[in-house]
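In case you want the letters, here they are:
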Amino acid sequence: MEKIIIFDTTLRDGEQAPGASLNQKEKLEIAHQLVHVGVDIIEAGFPVSSKGDFESVRLVASKVKGATICGLARCLKKDIDAAYQAIKIAKSNCRIHIFLATSKIHMKYKLKKTEDEVLKLAIEAVRYAKSKTKDVEFSAEDATRSEREFLYRIIERAIDEGATTVNIPDTVGYSDPEEFGSLISDIKNNVSNIDKAVISVHCHNDLGLAVANSLAAIKNGARQVECTINGIGERAGNASMEELVMAIKTRHDIFSGVDSSINTKELYKTSRLVSRLTGFVVAPNKAIVGLNAFRHESGIHQDGVLKEKQTYEIIKPQDVGFMESGIVLGKHSGRHAFSARLQSLGVKLPQNKLDNAFEKFKALADKKKTVYDEDLFSIVEEEIKVTPKVWQLIEFKVSSGTGMAPQAAIKLKSKGKIHTAISSGDGPVDACYKAIEKIIRIKAKLLDYHIDSVTSGKDALGEVNVKISAKNKSVIGRTASTDIIEASVKAYIEAINKIAAK
Ligand code: KIV
Ligand code: ZN
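Report follows, based on the coordinates. (Residues numbered from 1 in each chain as written. Chains lettered and ligands numbered in written order. Predicted model: local features only at pLDDT ≥ 70, side-chain atom pairs only at ≥ 80, totals over all residues. Heavy atoms only, no water.)

### Thoughts on the overall build of the chain
Counted only if it meets this: A run of H or I in DSSP counts as a helix once it spans at least four residues, and a run of E counts as a strand once it spans at least two, with each numbered from the N terminus. Two things to know: the radius of gyration comes from C-alpha atoms, and the globule rule equals 2.2 Å times the number of residues to the power 0.38. The criterion used for residue contact is that any of the two residues' heavy atoms lie within 4.5 Å. Reported accessibility uses the Shrake-Rupley method at a 1.4 Å probe radius. Residues are deemed covered only where the shown protein chains occlude them.
Counting secondary structure elements, the chain contains 16 helices and 16 strands. For 502 residues, the compact-globule estimate of 2.2 N^0.38 gives 23 Å, and the chain sits close to it at 25 Å. Projecting the C-alpha coordinates of the chain onto the three principal axes gives extents of approximately 70 × 60 × 45 Å. Pairs at least 24 residues apart make up 67% of the contacts formed inside the chain by residues separated by at least 6 positions. Of the accessible surface of the chain, which amounts to about 22500 Å², a share of 51% is contributed by carbon and sulfur atoms.

In structure tokens form, the structure reads like this:
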């Protein structure tokens, strides 16, 4: 069985998704989970791009064991130096990833360089990176729009200089599976020293083909795929890791000689974590990790699944760490059933957090007829949050109705002191946010607000995501409650607390 190397770039290309920004702690939390799910390489960032990025990459390299830690660099000495300084603490498990555009359009308009100049830069950069670490990856940016002969030549020279992985990015998501598969096969046939390096692919999703293109590349000899959790990334995103891995696993008849080392049972948890920390909600119809991915609505389908799951399920929900559909726990469930269910979902909490989570579960079960696994994940996420509680919600009251201006009264606690304020607003949530602002005296700009239902049903938890910016920082808050105004207030306070803590 040949291994497909999973190169995860959630923390680099994923974080480049407009609106996604992660702090150091959040990056570290994701990196630990990436090891848990079994990725081989973590691209932790682009160290030269900012001091913050450098520090996050260094933190990940120093704390995360069990995967190779990679730093991105342009073909410039200062970039390679920064990447190496950030990752060197990972010793033999560090990789420098250098990239340079090879398409005519990029060379002419962006780089303003000729082919020969680009070739020289690439050779010197690989040589320099190789003098720092044995594990060097070279990416021919915009490879799919590059002239074939030039692409073959630059890859060959990069390998000559010691590149151990050569990456073929479909930078603008322009290719289609047949064309991309042929490109990989042509590279195999036309680059004389290709057997000395691993062929990698890095596909973007502008035409919705990132996963299909990556799979076509695997069929034609690529042995590393670059991907992100939930497919987040620049513009329309990158190839989604969970989709790639499950396609290989589910269609072993087609991908017979290959496998990855991903523990697929950790996929759902990883997806939830990335979604919570980036604030990017996973669409319900998203393959593998969307809430509807294993739900059957029509009578014919339900009937089929009840008779034999395989009629409409090509993947067992449990195989991706998804909860089984149906009722899980209710208000009569005890502590033992609660902790046993968490355990079977792969959630481990220290005793004090488990106790708090159980209290929250009981409170929820009183309001909600049935408590699903999705609800349990929401409760647990609340418990494991590390946001400092600078401001705590004590009480809120809202009144709104036809023909009246919505009013809110808010009571918050900070450092043992109670603060109250009232405000009107355009709606009940706006009134609450304005009252909160009066107390905390931070002028925050609401960049995004959305609400999603965690499960179906009239009594479902509403999960509110807010993104605010203040003091030149933008942060996310996310909270779920059966009361959507309460969820809105708590999510806002969580975001404010992140700003206050900074
Ligand atoms: O999309 C791209 O080409 C990249 C490179 C840096 C690999 O992200
Ligand atoms: Zn990319």
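And the narrative resumes.
### Overview of the pattern of salt bridges
The following threshold applies: What makes a salt bridge here is a side-chain nitrogen of Lys or Arg within 4 Å of a carboxyl oxygen of Asp or Glu, nothing more. For each residue, the accessible area found with a 1.4 Å probe, counting protein chains only, is set against the maximum for its type, and the residue is called buried under 20%, exposed over 50%, and partly exposed in between.
Tallied over the entire structure, the rule returns 38 salt bridges. In this structure, Asp53 and Lys27 form a salt bridge, with 3.1 Å as the shortest nitrogen-oxygen distance. In this pair, Asp53 is assigned in helix 2 (residues 51–63) and Lys27 in helix 1 (residues 24–37), connecting sequence segments 26 residues apart. Residue Lys27 is classed as buried on the basis of its relative accessible area of 2%. We note a salt bridge from Glu383 to Lys360, for which the minimum N-O separation is 2.7 Å. With Glu383 in helix 14 (residues 373–384) and Lys360 in helix 13 (residues 351–367), this residue pair connects regions lying 23 residues apart in the sequence. For Glu383, a relative accessible area of 8% translates into the label buried. On the accessibility criterion, Lys360 (37% relative accessible area) is partly exposed. Each of Arg127, Arg157, Asp160 and Glu161 takes part in one network of salt bridges that share partners.

### Observations concerning the environment of Asp142
Relative to the helices and strands, Asp142 is located in the loop between strand 6 (136–141) and helix 6 (148–160). Along the sequence, Asp142 and Glu395 sit 253 residues apart, while their C-alpha atoms lie 54 Å from each other. Asp142 has contacts with Ser103, Ile105, His106, Pro169, Thr171 and Val172, leaving out every residue within four places of it along the chain.

### Thoughts on the coordination of the zinc ion (ligand 2)
Formally: Each metal's donors comprise the N, O and S atoms found within 2.8 Å of it (within 3.2 Å for Na, K or Ca). Water is not part of the atom list, so some coordination spheres may appear incomplete.
Every protein donor of the zinc ion (ligand 2) is accounted for by Asp13 (OD), His202 (NE2) and His204 (NE2), and the metal-donor separations fall at 2.0 to 2.1 Å. Here the donor residues for the zinc ion (ligand 2) map to a single chain with the spacing D-x188-H-x1-H. Accessibility classification places His202 together with His204 in one group, the buried group.

### Points about the side chain of Asn193
To keep it simple, the criterion reads: We call two N or O atoms a polar contact when they sit within 3.5 Å, provided that within protein one can donate a hydrogen and the other can accept it, with sequence-adjacent residues counted only if both atoms are side-chain atoms.
The topology assignment puts Asn193 in the loop between helix 7 (177–190) and strand 8 (198–203). A distance of 3.0 Å separates a polar atom in the side chain of Asn193 from the backbone oxygen of Glu156. At a separation of 3.0 Å, a polar atom in the side chain of Asn193 contacts the side chain of Asp160. Apart from the residues lying within four places of it in its own chain, the contact partners of Asn193 are Glu156, Ile159 and Asp160.

### Observations regarding the sheet that holds strand 15 (residues 462–470)
Here is the rule: When DSSP finds two or more bridges between two strands, those strands count as paired. Note on method: axes are straight lines fitted to C-alpha atoms, helices fitted across the in-contact stretch only, with angles between N-to-C directions ranging 0 to 180 degrees.
Pairing within the open sheet is antiparallel, and its three strands lie in the order 14-15-16. Both edges of this open sheet fall to strand 14 (445–453) and strand 16 (473–481), since each of them pairs with a single strand only. This sheet shows a mean twist of 15° between the axes of neighbouring strands, independent of strand direction. Taken together, the nine bridges between strand 15 and strand 16 define a ladder with antiparallel strand orientation. Residue pairing across strands places Gly462 opposite Ser481, the latter belonging to strand 16. Contacts from helix 14 reach strand 15 and strand 16, with the element oriented near 135° to strand 16. In this fold helix 16 (residues 484–501) packs onto strand 14, strand 15 and strand 16, with an angle of close to 150° to the strand it touches most, strand 16.

Fair warning: the whole summary comes from geometry, so function is off the table for now.
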